[in-house]
Amino acid sequence: MVDYYHDHVAVDVSPSEPLFQRRKTKSLRRQWNQLSKCQKTVVCTLSAMVFLIIVYVVSYEPESAVISVDLNPNENGKDILKNIRNDPRDVEPNFNEVVHESQVLEEPAGAEIDNSVNKNQVLLPPKVEQKFTGPTTMRQQAVIKAFRHAWKGYKKFAWGHDHLKPITESYHDWFGLGLTIVDSLDTIFIMGLKEEYTEARDWVDKHLHFEVNRDVNLFEVTIRVLGGLLSIYHFSKDDMFLQKATDLADRLLPCFESESGIPFSDINLFTRKAHAPKWSPDSSTSEVTTIQLEFRDVSRATGDPKYENAAEKVSRLVHKLEKKDGLVPIFINANTGQFRSYSTITLGARGDSYYEYLLKQWIQTGKTLDYLKEDYIMAVEGIEKHLVKRTVPNGFLFVGELLGGGKDFKPKMDHLTCYLPGTLALGVHFGMPNSHMKLAEELLTTCYQTYAQQPTFLAPEITYFNIQGENSNDMYVKSNDAHNLLRPEFLESLWYMYQFTGNATYQEWGWRIFQGFENYTKVSNGYTSIGNVRSTTVVRPKDMMESFFLSETLKYLYLLFSDNPRLLDLEKYVVNSEAHPLPINVI
Ligand code: DMJ
């Protein structure tokens, strides 16, 4: 009798065994006793060999099925790093999820929030293991082919520069930090591309220096470079990346030395002098509130709380400011610490990721910072109350904007806003109200329509919506807004929604959009932004491949097309605004 109700399988040899079976056992024993000593030895040896072969076959994992990157940490890097970090886990090879006992970052009790959080304590991140075993579907292989095509053009004409200009076979330098390489490293790792990994790592090790006399934007460098370095550090455990990240974070820190603690937008990485943007006295709200995941992660990886303290103080200051039902104006002054009066409220440019990082910081900190959760819930309520409307005639739901400090509604949505369904779904997964999922699904459909209604199957940068019934079209695009910069936001949302629902329709939508990129943005030396999504014949190539195409757009497509919806474990990682996964600190 076999017992199926336990982990093991047990054979019952009780006296209730049928008679013929007992006879069979007896005759076997008799036959065994008749064998000579030598015959018995042969039988035993053969049985042992058969047993060993079975054990080997069961535990064998074919090497050719696994595409993984060789992750030898740089030993020199390790030594230097020990000077800046005294992490007890350095001596333990398998230091999963070790947390210093007294290092819990707690929400201060009561309504008054202390700005000087976490002064001398820091929570170390879990050293999570994440394996990527290469593509498992044809569609993933197609994305890898696209990545390699883009990489080849970048290598040939723009290596070490920020962006490829694929039409003129040249490059563009924004900050002069090899943005495409740093932004791509974790995508390369996830895709399991060994050769590309080696050359990219080598470039970072030998050529990425931050001692450059050039102004850079705090937000862009934080999400792309700092985020990119940290993410690949966590995946690869290669300390060289953390060293670079720490050097960069140190150079960015003076941005926070304003009168209010709200950071200046720009800084010279060599002189370390920070200032407001040249075109405005104010910083952008989304920019100053979309750097916290990265600075916190530097603190947690190095054991030094100063980065987290400076960045989180910003969130706490913004938390205290007056808002319109949780919605924030898009400009804030670094000296006064106040929002600019009458500035626009939007989930698009300069507002978008404020809302994203409320949720993601809360997740990153193991759901410990309640003020972020509350601000997030209030903001979604504000979105539903003030910004959400339906189109005529088909009733598509969209998120518009409020101008003049909240007085006038504008039925306009940036493509950037299409990150929102994904963030809402992520929130619901972590316990936010279920009603957010309904909003996410409806917005996702509208965003899909902004692609599907164009003959190129590519969305424009900005879409306007018909709410008055002035004609029979739900949405329209102005000539100046008809460009597509190879942006990722909608694909990002598709990936989150696919993760949490398993609905293959989202993969189909992603595939159609990927075909749009293949058909209208692919050129012989890479992929290019285009000026016009409204025509299949006059797309007007703009000669620019931004780093986020490799960092985000292709990464999200690759993850979306996996037959494993949990290819990247969102219980362990929170993904920054530039698609760089960072570990969640579970207490
Ligand atoms: C990226 O750099 C980031 O996703 C950012 O938060 C917003 N825009 C671009 C991509 O569109």
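See the structure above.
Here, residues in each chain are numbered from 1, in the same order as that chain's written sequence. Thresholds applied to this predicted model are a pLDDT of at least 70 for local features of residues and 80 or more for the giving and counting of side-chain atom pairs; totals over whole chains, interfaces and linings are not thresholded and use all residues. Hydrogens and water are ignored here; the side-chain numbers use all heavy atoms of the structure.

**Things to note about the site of the ligand**
So, step 1. In the vicinity of the ligand, the contacting residues are Phe219, Ile223, Arg224, Leu416, Arg487, Pro488, Glu489, Phe548, Glu552, Ser577 and Glu578.
So, step 2. Two N or O atoms form a polar contact when they lie within 3.5 Å of each other; inside protein one atom must be a possible hydrogen donor and the other a possible acceptor, and for residues adjacent in sequence the pair counts only when both atoms belong to side chains. Take Glu489: an N or O atom from its side chain is 2.6 Å from an oxygen atom of the ligand.
So, step 3. For the ligand, an oxygen atom lies 2.9 Å from a polar atom in the side chain of Glu552.
So, step 4. Only protein atoms enter the 1 Å grid used here. Points where a 1.4 Å probe fits but cannot escape make up a cavity, open sets with protein on both sides within 12 Å along at least five of seven lines make up a pocket, and a residue lines them when an atom lies within 4 Å of a point. Whether a molecule sits in a cavity or pocket is decided by its atoms, more than half of which must lie within 2 Å of the grid points. Taken atom by atom, the bulk of the ligand overlaps the largest pocket.
So, step 5. Numbering of helices and strands runs from the N terminus; a helix is a DSSP stretch of H or I covering at least four residues, while a strand is a stretch of E covering at least two. Mapped onto the shell around the ligand, the elements with two or more residues apiece are helix H7 (218-236) and helix H18 (547-560).
So, step 6. The element that contributes the greatest number of residues to the shell around the ligand is H7, accounting for three residues. We call a residue near a molecule or strand when any one of its heavy atoms sits within 4 Å of it.

**A closer look at the packing of aromatic side chains**
So, step 1. Side-chain rings of Phe, Tyr and Trp, where Trp is taken by its six-membered ring, are said to pair if the distance between their centres is within 6.5 Å; with planes under 30 degrees apart they count as stacked, over 60 as edge-to-face, and otherwise as tilted. In this structure the tally under the stated criterion is 29 aromatic pairs.
So, step 2. Residues Trp151 and Trp159 carry aromatic rings whose centres are separated by 5.6 Å and whose planes lie at 85° to one another, so their mutual orientation is edge-to-face.
So, step 3. Any residue under 20% of the maximum accessible area for its type is buried, any over 50% is exposed, and the rest in between are partly exposed; the area is computed with a 1.4 Å probe on protein chains only. Trp159 gets classed as partly exposed once you look at its relative accessible area, which sits at 29%.
So, step 4. Taking 6.2 Å as the distance between ring centres and 65° as the angle between the ring planes, the aromatic pair formed by Phe189 and Tyr197 counts as edge-to-face. Judged on exposure class, the residue Phe189 and its partner Tyr197 are both buried.
So, step 5. Aromatic rings pair up to connect Tyr448, Tyr451, Phe457, Phe490, Tyr506 and Trp509 into one cluster.
So, step 6. Its guanidinium or amino end placed over the ring of Phe409, Lys389 lies 4.6 Å from that ring's centre, counting from NZ or CZ.
So, step 7. We count a charge as sitting over a ring when the NZ of a lysine or the CZ of an arginine lies within 6 Å of the ring centre and within 35 degrees of the ring normal. The aromatic ring of Tyr464 is capped on one face by Lys478, whose charged end is 4.1 Å from the ring centroid.

**A look at the packing of helix H14 (residues 420-429) against helix H15 (residues 435-452)**
So, step 1. Here the axes come from fitting lines to C-alpha atoms, over the contacting stretch only for helices, and the angles between their N-to-C directions go from 0 to 180 degrees. Running from N to C, H14 and H15 point in directions that differ by 155°, and their axes come no closer than 8 Å. It follows that H14 is roughly antiparallel to H15 by the angle criterion. Crossing of H14 over H15 shows left-handed handedness. When H14 is examined against H15, the residues Leu420, Pro421, Leu424, Ala425 and Val428 are found in contact with a partner set consisting of His436, Met437, Leu439, Ala440, Leu443 and Leu444. Our angle categories are set so that under 35 degrees counts as roughly parallel, over 145 as roughly antiparallel, 65 to 115 as roughly perpendicular, and the remainder as oblique. Each crossing gets its hand from how the near helix is turned against the far one by less than a right angle, where anticlockwise is left-handed and clockwise is right-handed. The contact rule is simple, with two residues in contact once any of their heavy atoms fall within 4.5 Å.

**Overview of the state of the cysteines**
So, step 1. Note that a disulfide, as used here, is simply two cysteine sulfur atoms within 2.5 Å. For the coordinates displayed, the defined rule picks out one disulfide.
So, step 2. Through a disulfide, Cys418 is tied to Cys447; the S-S separation comes to 2.1 Å. Linking Cys418 and Cys447, the disulfide has an S-S dihedral of approximately -95° and is accordingly described as left-handed. Of this pair, Cys418 sits in the loop between strand E12 (412-414) and H14 while Cys447 is found in helix H15, placing the two residues 29 residues apart along the sequence.
So, step 3. The exposure class of Cys418 is buried, given its relative accessible area of 1%.

**What to know about the side chain of Asp162**
So, step 1. Structurally, Asp162 is set in the loop between helix H4 (138-158) and strand E1 (163-165).
So, step 2. Residues scored as positive are Lys and Arg, those scored as negative are Asp and Glu, and His as well as the terminal groups of each chain are ignored. When a carboxyl oxygen of Asp or Glu lies within 4 Å of a side-chain nitrogen of Lys or Arg, that pair is called a salt bridge. Here Asp162 is buried and forms no salt bridge, its nearest opposite-charge partner Arg214 lying at an N-O distance of 5.6 Å.
So, step 3. Non-local contacts of Asp162, meaning those with residues more than four positions away in its chain, are made with Tyr154, His172, Asp173, Trp174, Phe175, Gly176, Leu177, Gly178, Leu179 and Thr180.

**Thoughts on empty space enclosed by the protein**
So, step 1. Grid points are joined across faces, edges and corners, and a volume is the space filled by probe spheres set on the points. Evaluated as defined, the whole model comprises seven cavities of 30 Å³ or more.
So, step 2. The space that makes up the second largest cavity amounts to roughly 60 Å³.
So, step 3. Lining the second largest cavity are Thr289, Gln292, Ser315, Val318, Tyr354, Tyr357, Leu358, Gln361 and Leu372.
So, step 4. Looking at the lining of the second largest cavity, the elements that each hand over two or more residues are helix H11 (306-320) and helix H12 (352-364).

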